[in-house]
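Single-letter residue listing:
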Amino acid sequence: MSQAMSNGYRHEKASQDLINKLHTRIGLNKHRQNTHELGRLLRGRVRENRNLVLSLSLCMSCGACLTVCPAYLATNDINNSPLGRVALARSLMRGYINEDLIDRAYTYFWQCLTCRRCAWACPFGVDVADISRTIRSLLYEVGLAPNYVAG
Ligand code: SF4
Ligand code: SF4
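Residues numbered from 1 in each chain as written. Chains lettered and ligands numbered in written order. Predicted model: local features only at pLDDT ≥ 70, side-chain atom pairs only at ≥ 80, totals over all residues. Heavy atoms only, no water.

**A short note on the overall build of the protein chain**
To keep things clear, this is the line we draw: Helix and strand assignments come from DSSP, with helices taken as H or I runs of at least 4 residues and strands as E runs of at least 2, each series counted from the N terminus. When a residue's accessible area, from a 1.4 Å probe over protein chains only, is under 20% of the maximum for its type it is buried; when over 50% it is exposed; and in between it is partly exposed. Accessible surface area values rest on a Shrake-Rupley calculation with a 1.4 Å probe, where residue burial reflects the displayed protein chains alone.
Helix and strand counts for the protein chain stand at nine helices and zero strands. Secondary structure elements of the protein chain, listed N to C terminal, follow the sequence α-α-α-α-α-α-α-α-α. Seen through its principal axes, the protein chain has C-alpha atoms that stretch 40 × 30 × 25 Å. For the protein chain, with 151 residues in total, the buried portion stands at 48%. Entry remark: accessible area of the protein chain is about 7,900 Å², with carbon and sulfur atoms responsible for 52%.

Dropping the structure here:
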């Protein structure tokens, strides 16, 4: 996905202090606060979730979901669409995680509205809201959540 097509928007990140307080409250181990663990954590989480395995393997980038995704319609940014999020999730799954990939994951998975309109429009029933929720929970575990959510 091209960075030049980015809509330039991202939610303001919560401070590490606030994230640490929340992590402590729910007993999350500090060793998880390593962004480079994302790929390993995601592969483990995907193995536990059959719907995710199916969604990530079935999407054929046909674009049928583009006309119903409010996030894409509002921004005209292909990264901010169901197929963009599937492509990004696949990149995270491949294992080599760099800062750019982490930044894109933060930007686009937190912009998904989890409305599930894509699942309704997709000929294969690919549910990107499920993918977004899973990756958001991992982003939160490694310390990357928007201020409005953490607050
Ligand atoms: S999510 Fe479904 S509708 Fe959207 S590009 Fe993939 S296969 Fe096509
Ligand atoms: S769940 Fe996310 S990706 Fe799917 S249509 Fe809604 S905003 Fe778009």
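**Points about the confidence of the model for the protein chain**
Test applied: pLDDT measures the predictor's confidence residue by residue and takes values from 0 up to 100.
The predicted model of the protein chain has a mean per-residue pLDDT of 88, with 93% of residues at 70 or higher. Helix H7 (residues 117-121) holds the highest mean pLDDT among the elements of the protein chain, 97, whereas helix H2 (residues 38-47) holds the lowest, 81.

**Some words on the site of ligand 2**
Selection rule: Each residue is tested against the molecule or strand, and it is near if at least one of its non-hydrogen atoms lies within 4 Å. Residue polarity is assigned by list, with Asp, Glu, Lys and Arg as charged and Ala, Val, Leu, Ile, Met, Phe, Trp, Tyr, Cys and Pro as nonpolar; anything else, Gly included, falls into the polar class.
Close to ligand 2 lie Cys69, Pro70, Pro82, Arg85, Cys112, Leu113, Thr114, Cys115, Arg116, Cys118, Val128 and Ala129. The set of elements that each furnish at least two residues to the shell around ligand 2 consists of helix H5 (82-93) and helix H8 (128-141). Looking at side-chain class alone, the shell around ligand 2 contains nine nonpolar, one polar and two charged residues.

**Side note on the packing of H5 against helix H6 (residues 99-109)**
Applied cut-off: Comment: axis = line fitted to C-alpha atoms, over the contacting stretch for helices; angle = value between 0 and 180 degrees taken between N-to-C directions. In this scheme the handedness of a crossing depends on how the near helix is turned from the far one: anticlockwise by less than a right angle means left-handed, clockwise means right-handed. Any two residues having at least one pair of non-hydrogen atoms within 4.5 Å are treated as being in contact.
Closest axis-to-axis distance for the H5/H6 pair is 11 Å, and the angle between their directions is 145°. For the pair H5 and H6, the sense of crossing is left-handed. From H5, Arg85, Leu88, Ala89, Ser91 and Leu92 reach across to H6, where they touch Leu101, Arg104, Ala105, Tyr108 and Phe109. In terms of residue class, the contact of H5 with H6 is built from seven nonpolar, one polar and two charged.

**Overview of H8**
Which entries qualify depends on this criterion: Here the expected span of a helix is defined as 1.5 Å times the quantity of residues minus one.
A rise of 1.5 Å per residue sets the reference length of H8, with its 14 residues, at 20 Å; its end C-alpha atoms lie 20 Å apart and thus fit the reference within 8%. Burial runs high along H8: eleven of the 14 residues are buried. Along H8, the positions that sit buried rather than exposed are Val128, Ala129, Asp130, Ile131, Ser132, Thr134, Ile135, Arg136, Leu138, Leu139 and Glu141. In this structure, the buried residues of H8 make contact with helix H1 (16-25), H2, helix H3 (50-58), H5, H6 and H7. Gly143 sits one or two residues past H8 and shows a positive phi near 95°.

**A look at the nonpolar core**
Where we set the bar: We call a set of buried residues a nonpolar core when its members are Ala, Val, Leu, Ile, Met, Phe, Trp, Tyr or Cys and they connect through side-chain atoms within 4.5 Å of each other.
Formed by 35 residues in total, the largest nonpolar core has its most connected members in Leu38, Val86, Leu92, Phe109, Ile131, Ile135 and Leu139. Sorting the residues of this core by element identifies H1, H2, H3, H5, H6 and H8 as the ones contributing at least two each. Counting residues per element, this core draws most heavily on H6, at six residues. Within the second largest apolar cluster, six residues are counted, among which are Leu66, Ala71, Tyr72 and Ile78.

**As for the packing of aromatic side chains**
Here is the rule we go by: Classification of ring pairs uses Phe, Tyr and Trp, with its six-membered ring standing for Trp, and accepts pairs whose centres are within 6.5 Å; under 30 degrees between planes counts as stacked, over 60 as edge-to-face, and the remaining range as tilted. Here, over-ring charges are defined by two tests on the NZ atom of lysine or the CZ atom of arginine: distance to the ring centre within 6 Å, and angle to the ring normal within 35 degrees.
Tallying each qualifying case throughout the model produces zero aromatic pairs. Over the ring of Tyr106 we find Lys13, and its NZ or CZ is 5.0 Å from the ring centre.

**A word on the site of ligand 1**
Neighbouring residues of ligand 1: Cys59, Met60, Ser61, Cys62, Gly63, Ala64, Cys65, Leu83, Cys122, Pro123, Phe124 and Val126. Taken together, the residues of the shell around ligand 1 break down into ten nonpolar, two polar and no charged.

**Re the side chain of Thr134**
Within the secondary structure, Thr134 sits in helix H8. Since its relative accessible area comes to 10%, Thr134 is described here as buried. Apart from the residues lying within four places of it in its own chain, the contact partners of Thr134 are Leu42, Arg45, Asn49 and Leu52.

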